[in-house]
Amino acid sequence: MDKTERATYIKSLVGTIEESVSHYDAAGPYPMPGSTVSMYDSKASIIRRCVVARQELLNLMKELEGNT
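Note that this is a predicted model, so its numbers are computed, not measured.

Caption draft 1: Structural context of helix α1 (residues 3-26). The end-to-end C-alpha distance of α1 is 35 Å, a good match for the 34 Å that 24 residues give at a rise of 1.5 Å each. Buried within α1 we find Arg-6, Ile-10, Leu-13, Ile-17 and Ser-20. Elements that come into contact with the buried residues of α1 comprise α2 (43-66). Of the residues one or two after α1, Gly-28 is the one with positive phi, at around 110°.

Structure below.
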């Protein structure tokens, strides 16, 4: 994956995290995955996508540092 594709992927991934956090917050103080909030918008799903986004950002940084 080249740097531009990776950056676009990160941007879209962060966008989905933003949407999921909005849905999670709107579900109330104690959202229940599968009932008051979808499994995709669950706390665990948001955390997993944050970890993936962080790793992709680190990969992008490494690629950029290697090209200096």
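Caption draft 2: Fine view of the packing of aromatic side chains. Per the stated rule, a full pass over the model turns up zero aromatic pairs. Lying over the aromatic face of Tyr-40, Arg-49 brings its terminal NZ or CZ to 4.1 Å of the ring centre.

Caption draft 3: Highlighting α2. Look at α2: 35 Å from first C-alpha to last across 24 residues, which is about the 34 Å you get at 1.5 Å a residue. When we look at burial in α2, the residues that qualify are Ser-45, Ile-46, Arg-49, Ala-53, Glu-56 and Leu-60. Against α1 lie the buried residues of α2.

Caption draft 4: Structural detail: the pattern of salt bridges. Taken as a whole and judged by the stated rule, the model has two salt bridges. Close ionic contact of Arg-6 with Glu-56 constitutes a salt bridge, the shortest N to O distance being 2.3 Å. Here Arg-6 is found in helix α1, whereas its partner Glu-56 is found in helix α2, with 50 residues between them in sequence. Per residue, the accessibility class of Arg-6 equals that of Glu-56, and both read buried. Note that Glu-63 and Arg-6 form a salt bridge whose closest N and O atoms lie 3.0 Å from each other. Taken together, the residues span a long stretch of sequence, with Glu-63 in helix α2 and Arg-6 in helix α1 at a distance of 57 residues. Judged by its relative accessible area of 10%, Arg-6 is buried. Taken together, the shared-partner salt bridges in this structure form one network comprising Arg-6, Glu-56 and Glu-63.

About the cut-offs
- Residues numbered from 1 in each chain as written.
- Predicted model: local features only at pLDDT ≥ 70, side-chain atom pairs only at ≥ 80, totals over all residues.
- Heavy atoms only, no water.
- Helix = DSSP H or I, 4+ residues; strand = E, 2+ residues; numbered from the N terminus.
- Expected span 1.5 Å × (residues − 1).
- Buried < 20%, exposed > 50% of the residue type's maximum accessible area, 1.4 Å probe, protein only.
- Contact = heavy atoms within 4.5 Å.
- Phe/Tyr/Trp six-rings, centres within 6.5 Å; stacked < 30°, edge-to-face > 60°.
- Lys NZ or Arg CZ within 6 Å of the ring centre and 35° of its normal.
- Salt bridge = Lys/Arg side-chain N within 4 Å of Asp/Glu carboxyl O.

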